[in-house]
Structures are given as structure tokens and as C-alpha cells.
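# Per-entry structural report
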Amino acid sequence: MDFFGAQAQARRLTLWLVVLLLVAVVGMVVATVLVVTLAVALLEGGQPGADPLGLAFDPLLLGGVTLGVLAVVVAGSLARHLQLRAGGAAVAEALGGRPINADTRDPDERRLLNVVEEMAIASGLPVPLVYVLEESGINAFAAGHTPQDAAIGVTRGAIESLSRDELQGVVAHEFSHVLHGDMRLNMRLIALLYGILVVGLVGRMLLRGTATRRMVRGSRQNNAQIVLLGAGLALMLVGFIGTLCGNLIKAAVSRQREFLADASAVQYTRNPAGLADALKRVAAHAQGSELRASQAEEFSHLYFSRGVSGLRGLTATHPPLVTRIRRLEPEWDGKLSEPRQASPGVAQQEPEATAATATGSSAFLATGGELSQRVGEPRDTDLQGARGTLAEIDPRLLQAVHEPYAARAVIYGILMGADPESRTRQREALVDAAMPEVLAELDRLDQPLRSVRPGQRLALIELCLPMLRQLSVAQYARLHECLERLMAAEHRPGALQWALHRLVTVGSQGGTSSRGRRLSLAQVGDAVELLLSSLARAGSDDQERARAAFDRALERLDMALTLRPEPASPQALDAALARCRQLTDVERARLLDAMLDCVMHDGQVAPEEAELLRAVAWALECPLPLTLN
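We now turn to the structure provided with this report.

A count of helical and extended segments in the protein chain gives 26 helices and four strands. Across the 629 residues that make up the protein chain, the buried fraction comes to 55%. At a minimum sequence separation of 6, the contacts of the protein chain that also span at least 24 residues come to 79%. In the form shown here, the protein chain has an accessible surface area of approximately 26900 Å², with 57% of it arising from carbon and sulfur atoms.

Counting buried positions along strand β2 (residues 129-133) yields five of five residues, so the element is predominantly enclosed. Bridge analysis of strand β1 (residues 98-99) against β2 gives two bridges, and the strand direction is antiparallel. Directly across from Arg 98, in β2, lies its bridge partner Val 132. Two strands pair when backbone bridges link them, and β2 and strand β4 (residues 151-155) are joined in this way by five bridges, in the parallel orientation. Within β4, the residue paired with Val 130 across the bridge is Ile 152.

In this structure the tally under the stated criterion is 28 salt bridges. Two residues, Arg 80 and Glu 298, come together in a salt bridge whose shortest N-O distance is 2.8 Å. Linking Arg 80 in helix α3 (residues 59-83) with Glu 298 in the loop between α10 (272-284) and α11 (321-328), this pair joins segments that are 218 residues apart in sequence. Taken as a pair, Arg 80 and Glu 298 share a single burial class, namely buried. Note that Arg 110 and Glu 117 form a salt bridge whose closest N and O atoms lie 3.7 Å from each other. Each member of the salt-bridge network shares a partner with another, and the members are Arg 98, Asp 106, Glu 109, Glu 134 and Arg 156.

Here we take up the packing of helix α15 (residues 404-415) against helix α21 (residues 495-509). Two elements in contact, α15 and α21, have axes whose closest approach is 10 Å; the angle formed by their N-to-C orientations is 160 degrees. As summarised for this structure, α15 and α21 are arranged roughly antiparallel, according to the angle between their axes. For the element pair α15 and α21, the recorded crossing hand is left-handed. Across from Ile 411, Ile 414 and Leu 415 in α15, the residues of α21 making contact are Gln 497, Leu 500, His 501 and Val 504. Its residues assigned to classes, the contact of α15 with α21 comprises five nonpolar, two polar and no charged.

So, about empty space enclosed by the protein. Taken as a whole, this structure holds four cavities of 30 Å³ or more when the rule is applied. Quantified by volume, the second largest cavity comes out at close to 50 Å³. The set of elements that each furnish at least two residues to the lining of the second largest cavity consists of α19 (457-468) and α26 (607-619). The element best represented in the lining of the second largest cavity is α26, accounting for three residues. The class makeup of the residues in the lining of the second largest cavity is five nonpolar, one polar and two charged.

Let us look at the packing of aromatic side chains. Tallied over the full model, the rule gives zero aromatic pairs. Residue placement shows Arg 80 over the ring face of Tyr 194; its charged tip is 5.1 Å from the ring centre. The aromatic ring of Phe 304 is capped on one face by Arg 324, whose charged end is 5.1 Å from the ring centroid.

Next up on the list: a nonpolar patch on the surface. Residues Leu 237, Phe 240, Ile 241, Leu 244 and Leu 248 make up a contiguous nonpolar surface patch of roughly 440 Å² in combined accessible area. Taking relative accessible area as the criterion, Leu 248 reaches 34% and is therefore assigned partly exposed.

Not every positive phi belongs to a glycine, and Asp 558 is a case in point at roughly 55 degrees. Note on placement: Asp 558 falls in the loop between α23 (543-557) and α24 (570-580). Phi is positive for Glu 621, close to 65 degrees, though the residue is something other than glycine. Turning to its location among the elements, Glu 621 is positioned in the segment after α26.

Now for helix α16 (residues 420-429). Along α16, the residues classified as buried are Ser 422, Arg 423, Gln 426 and Ala 429. Summarising the axial view, the buried residues of α16 lie within an arc of 120 degrees, below the 170-degree limit, and thus occupy one face. Opposite the buried face of α16, by more than 90 degrees, sit the exposed residues Pro 420 and Glu 428. Turning to α16, the residues buried within the fold contact α15, α18 (446-450) and α20 (473-488).

Taking 1.5 Å per residue, 25 residues should reach 36 Å; α3 reaches 36 Å between its end C-alpha atoms and fits that length. The complete set of buried residues in α3 reads Val 65, Val 69, Val 73, Gly 76, Ser 77 and Arg 80.

In this model, the largest pocket occupies a volume close to 880 Å³. Together, 33 residues line the largest pocket, and Arg 492, Pro 493, Gly 494, Ala 495 and Asp 541 are the ones closest to its centre. Every element with two or more residues in the lining of the largest pocket is listed here: α21, α22 (525-539), α24 and α26. Per-element tally for the lining of the largest pocket: the top contributor is α22, with six residues. Here the lining of the largest pocket is built from residues that sort into 14 nonpolar, nine polar and 10 charged.

Turning our attention to the sheet that holds β4. Strand order in the open sheet formed by four strands is β1-β2-β4-β3, and the pairing between neighbours is mixed. Sheet topology places β1 and β3 (140-143) at the edges, where each strand pairs with a single neighbour. In the packing of helix α5 (residues 107-123) onto the sheet, the strands contacted are β1, β2 and β4, and the crossing angle to β2 comes to about 145 degrees.

This brings us to the pairing of β3. Side chains Ala 140 and Ala 142 project from β3 onto one buried face, and the interleaved Phe 141 and Ala 143 project onto a second face that is buried too. With four bridges joining them, β3 and β4 adopt antiparallel strand pairing. Directly across from Ala 140, in β4, lies its bridge partner Val 154.

Further remarks concern the environment of Gln 148. Checked against the element boundaries, Gln 148 lands in the loop between β3 and β4. You can call Gln 148 buried: its relative accessible area is 11%. C-alpha of Gln 148 to C-alpha of Pro 128: the two residues are 20 residues apart in sequence and 7.3 Å apart in space.

Reading the values: the criteria
- Residues numbered from 1 in each chain as written.
- Predicted model: local features only at pLDDT ≥ 70, side-chain atom pairs only at ≥ 80, totals over all residues.
- Heavy atoms only, no water.
- Helix = DSSP H or I, 4+ residues; strand = E, 2+ residues; numbered from the N terminus.
- Buried < 20%, exposed > 50% of the residue type's maximum accessible area, 1.4 Å probe, protein only.
- Contact = heavy atoms within 4.5 Å.
- Areas by Shrake-Rupley, 256 points an atom, 1.4 Å probe, with all protein chains shown as cover.
- Pairing = 2+ DSSP bridges.
- Salt bridge = Lys/Arg side-chain N within 4 Å of Asp/Glu carboxyl O.
- Axes fitted to C-alpha atoms, helices over the stretch in contact; angles between N-to-C directions.
- Parallel < 35°, antiparallel > 145°, perpendicular 65-115°, else oblique.
- Left-handed = near helix turned anticlockwise from the far one by under 90°.
- Nonpolar A, V, L, I, M, F, W, Y, C, P; charged D, E, K, R; others polar.
- 1 Å grid on protein atoms, 1.4 Å probe; cavity = no way out; pocket = protein on both sides within 12 Å on 5 of 7 lines; lining within 4 Å.
- Points joined across faces, edges and corners; volume = space filled by probe spheres on them.
- Phe/Tyr/Trp six-rings, centres within 6.5 Å; stacked < 30°, edge-to-face > 60°.
- Lys NZ or Arg CZ within 6 Å of the ring centre and 35° of its normal.
- Patch = residues over 30% accessible without salt bridge, like charges linked within 9 Å, V, L, I, M, F, W, Y side chains within 5 Å.
- Arc of directions from axis to C-beta.
- Expected span 1.5 Å × (residues − 1).

Set out below in C-alpha cells:
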């Protein structure tokens with residue numbers, strides 16, 4: 001499935017999810033009303049002169065019960081949403097996950113980080129935070145509201161038992177959930193279902209409170225306690241029914257998305273055996289994929305494989321392992337191999353980037369056509385290109401991106417201008433704003449930073465983002481001030497410098513997905529004109545060549561636009577990009593194809609143009625793979 005089609009399907013599923021949950025909540029309200037009316041009728045029926053039916057169907061009572069149930073569901077969902085607003089990190093920590101230190105010396109953890117970083121660079125996504133769950137079962141998950149706040153969690157059993165190819169298949173499966181909108185859908189599902197679960201929890205609390213309270217004499221007191229007992233039992237029953245309905249909805253939404261993620265993982269890696277072997281190891285493992293964390297069931301639809309033993313049949317969130325394996329290997333004979341036992345402290349050998357891959361990875365191999373068809377669809381050539389890009393980068397920089405102070409120094413060095421005058425002025429601008437430790441790292445890394453080539457800058461920025469997202473509020477404020485100073489001190493800030501600055505800003509603060517009314521290209525004509533003019537000028541300072549590039553893009557859009565004579569300011573470009581993010585999926589696809597036509601008007605794409613195109617597409621929430629061919 002293509003990126004835009006998958007995103008649209010995820011939005012449709014979200015709408016149906018809300019409808020189904022509303023139906024479940026209405027059912028819970030009706031059940032609660034019936035139980036309460038029955039309890040009132042039984043309690044008051046024996047009183048002289050009482051009208052049990054009139055009391056049971058009192059509008060105030062019925063309205064109060066209805067509003068009470070709705071209030072509990074809404075409050076529970078809202079509270080869970082607020083608890084998870086930090087994104088994937090909140091889910092990982094709720095499951096007992098520990099963030100992997102970026103400069104870890106553990107060979108298994110280092111191998112996992114390498115696989116995640118390669119997949120992120122290949123697909124054009126920011127590198128997510130990576131967590132390890134100290135669980136012996138083989139499992140993994142991806143969680144977050146947007147790619148900027150995503151987290152990948154992998155169990156200790158997985159990183160110790162799986163080979164590199166198998167681990168890569170699992171990670172590619174999880175990246176499919178990120179690219180296709182499943183991750184955001186799953187987070188919404190968690191919050192909505194938690195509201196239903198709270199109803200049962202309230203009933204349990206009432207029962208517990210009634211059991212611990214001493215019974216006092218007197219009919220009124222006894223009746224009050226009986227009412228509380230009945231209400232607690234009713235809410236527990238209703239909560240159980242609601243949770244069952246929620247699990248059925250969760251399973252129906254999740255199962256088909258797992259098949260899609262398996263198919264996408266094979267497309268990304270061109271290695272069905274890797275993913276199939278990982279599933280076989282899950283089936284052969286003594287503990288399978290089971291997680292023992294107390295909140296494991298709540299997040300069951302996020303996992304790579306079924307992590308909770310109690311969810312079977314209609315409530316199973318994942319298809320049977322045998323079914324998934326046979327889809328990947330139709331000729332499978334049913335045999336399972338024993339889980340691999342990795343030797344402690346011994347790293348499995350990493351693949352080496354070939355000379356051809358390393359050479360080609362820094363180039364943007366576009367041949368024209370529909371760029372929108374490659375959005376969010378990395379291939380095995382992109383993975384090879386990512387390995388080649390990493391192999392070309394100075395080892396001192398690869399080490400620096402995993403260290404707190406050095407990562408900020410790498411960002412500052414990349415964002416500095418190319419000409420010596422700008423770099424000197426920008427270095428002076430950082431003296432009063434940056435931390436001394438960061439300035440020391442900037443000086444130490446000056447030589448390798450000057451040798452960074454086009455094609456490597458985006459990869460280095462993506463590798464730095466996990467460290468930047470872990471900064472405190474005060475540290476991030478200082479980072480933001482330094483970024484502003486660097487842009488202000490730039491002698492001739494171009495579109496590429498602006499795009500790289502924006503990538504760092506959005507990627508480090510965990511940007512939110514675009515919301516609001518969707519617009520057409522005609523409604524954002526001024527913004528499109530400004531953006532395409534900047535792209536046309538980025539390829540050449542010659543006015544005629546810029547005009548030719550701009551006109552080539554207009555042929556695709558069929559719009560009456562005019563090339564802007566002067567370069568746009570960073571603020572104007574920010575505003576234009578914000579408007580373009582509101583485009584519908586179809587219109588964003590047309591804009592991307594026009595952008596490619598613009599930079600390819602002369603039949604080739606320079607590395608600087610490729611970096612600009614990928615950075616702008618990334619800001620438009622359209623991740624482009626590393627290479628296009």
C-alpha cells in the first residue's frame with residue numbers, strides 16, 4: 001500500500017473506531033440504567049405506599065446514571081491521553097523499558113541501535129528513541145503520536161535470540177507501523193479503551209470500600225450499603241462487558257494491520273526469510289512473545305507478536321504465527337529451529353558496506369516520474385545506501401552524535417555557513433549562548449565537520465535527534481537560542497540552510513501532526529509559489545535556469561504562478577511550509593511531484609538539491625527514502 005493510501009485508511013479506521021466505541025459506551029449506559037432501575041425497584045418495592053416503577057424510571061435518576069457513566073469514560077480517556085502525551089517514551093516506560101544509552105558498550109544493544117539507525121536513515125524518518133525491555137520473551141513495539149516522538153521497544157529476549165537479519169525484519173515491521181499511521185491510531189485506541197476500563201475499576205473500588213466498611217444498624221444504613229454493593233457489582237459487570245467489546249474492536253483493527261506490516265517489512269528489506277525466521281523463533285521460544293509487565297494487556301495491540309496469553313480467538317490482536325509464517329514462506333514444512341543463544345559479550349558480525357554502495361549512497365538517484373509513489377516506501381537499496389552513508393562518515397562524528405554535548409556541537413557545525421566569514425561570525429555568536437562543554441566539542445570536531453559532504457548532513461542530523469529530544473527544558477531553550485543566532489549570523493542564508501534548521505527544530509521538539517481544515521493547492525497558491533521559487537533558486541544562481549526549473553514545476557501543477565525575484569526570508573518560508581502542510585493527501589502528492597520536476601529540470605539532481613528536497617518533504621510529513629531509482 002502506498003503512503004498516502006495507508007494514511008487515509010488509518011484515518012478511516014480511526015473514524016470507525018470512534019463510532020464503534022460510541023456504540024459500546026451507549027450499550028454500557030443502557031446496561032447500567034437497567035441494573036440501577038432493577039436495584040431501586042427491588043429495594044423500594046417493599047416499602048409501604050412505594051411506587052417502585054416510578055422511582056426506577058425517575059428522569060433525574062436515569063439522567064444522573066447516564067451522565068455518571070459518560071463522565072467516567074470521558075475522564076478516564078482524557079486522563080490516559082494526558083499521561084501518554086509524551087509519546088512513545090511514555091508507553092515504553094509504562095512497560096518497564098529502559099532507554100538504551102546511545103554510546104552503549106553492550107554488543108547486543110549496539111547492534112539493535114545500528115539496525116534502527118539504518119532503517120531510519122533509509123526511510124527518511126527521524127531516528128526514534130530505542131528502549132530495551134528486560135523480558136525473556138521475543139517481542140517489540142513502536143509507539144508514539146508522530147514520528148518525532150516515536151519510540152521503538154525491543155525485549156532482551158529478542159536482541160539476544162535473533163540474528164541480525166531477523167532483528168532487521170522485526171524493526172522493519174515496526175517502522176511500517178510508523179510510516180502507515182498505525183502508531184497514531186494505536187495510541188488513540190489506548191486512550192479511548194482506557195475510559196471504558198475505568199468503569200470497571202470504579203465498580204471494584206466501590207466493592208472494596210463496602211467490604212471494608214463496618215455494617216451499622218438501621219435500615220437506611222443497611223440499604224445504603226446494599227445500594228453501594230449493588231452499584232459496585234453492576235459497574236464491574238458493565239466494565240467487563242465494555243472491556244470485552246473494546247478488546248474485540250482492538251483485535252479487529254489490529255489483525256489486518258499486522259499483515260500489512262509484515263508485507264511492508266519484506267518490501268523494505270527484500271528478505272522474507274529474515275522476518276519469517278524471527279516468527280519461527282517466537283514460536284519455538286519457551287516463553288514465546290509473552291510479556292510479564294503489569295500493563296502488558298493494555299498495550300497488546302502494539303506488539304510485534306501476541307504478548308498476552310489471555311487474548312485468543314476473537315479477542316486475539318495478532319493473526320496466528322503459523323498463518324503469518326506461511327504468508328511469508330508458502331512452502332514452509334512446519335519445522336521450528338531452537339532459539340539462538342548468543343554468547344555473552346560477543347557481538348554478531350555487522351554487514352560491511354560495499355564500495356559500490358558507499359559511493360552511491362551519497363547521491364540522489366532520481367530518474368523522474370512520480371516522486372509521491374516512493375514516499376514512505378523504502379527498499380533494500382535504501383538500506384544498503386544507509387549503510388554506505390554511515391561507512392563514509394568520519395568515525396569521530398559517528399561517535400559524537402551519541403554523546404550529549406558532542407551531538408549539539410555536530411548540529412551547530414552542520415548548520416554553520418560554508419564560507420569562512422560566516423563560520424567565524426557564527427562561532428562568535430555562540431560564545432555567550434552555548435555551553436562551554438559544547439563549544440569545546442565544536443572546536444575538537446572542527447576538522448571532521450568541515451569535511452562533511454552533501455548527502456551526509458541529513459544522516460548526521462537524524463542521528464543527533466534522539467540526544468536532542470532528551471534535553472531538559474532549560475537545555476532545549478539554550479539550543480533554540482543558539483539555532484536562532486546561527487541563522488541570524490549567516491551571511492547569505494539559503495533555502496537549504498533554512499530547511500536543515502527547520503528539520504533540527506521540529507525533530508528535537510517532537511512536532512505535532514498537521515491539523516485543521518484541509519486545503520487545495522489553489523487555496524495556498526502564494527505559499528506554493530514561494531516554496532517552488534526557493535527550490536528553483538537552490539539549484540542555480542542563474543536567473544534563466546531558475547526560471548526554467550520553476551516553469552517545469554508549473555507544468556505539473558497547471559497553476560498561474562510567478563517566480564519570486566528575491567530570496568525568501570526564513571520566517572516567510574516557515575509560514576509557507578505551515579500552509580502547505582494543510583494540503584490534502586492528493587494535493588501534497590502533486591506538490592511533491594512538482595518539486596521533483598523543479599530540481600530535475602536539467603536532467604540531474606545535485607546532492608545539495610537532493611538534501612533540500614528530502615528536508616522539505618520531511619517537513620511536509622512525507623518521508624522520502626534515501627535513494628530514488
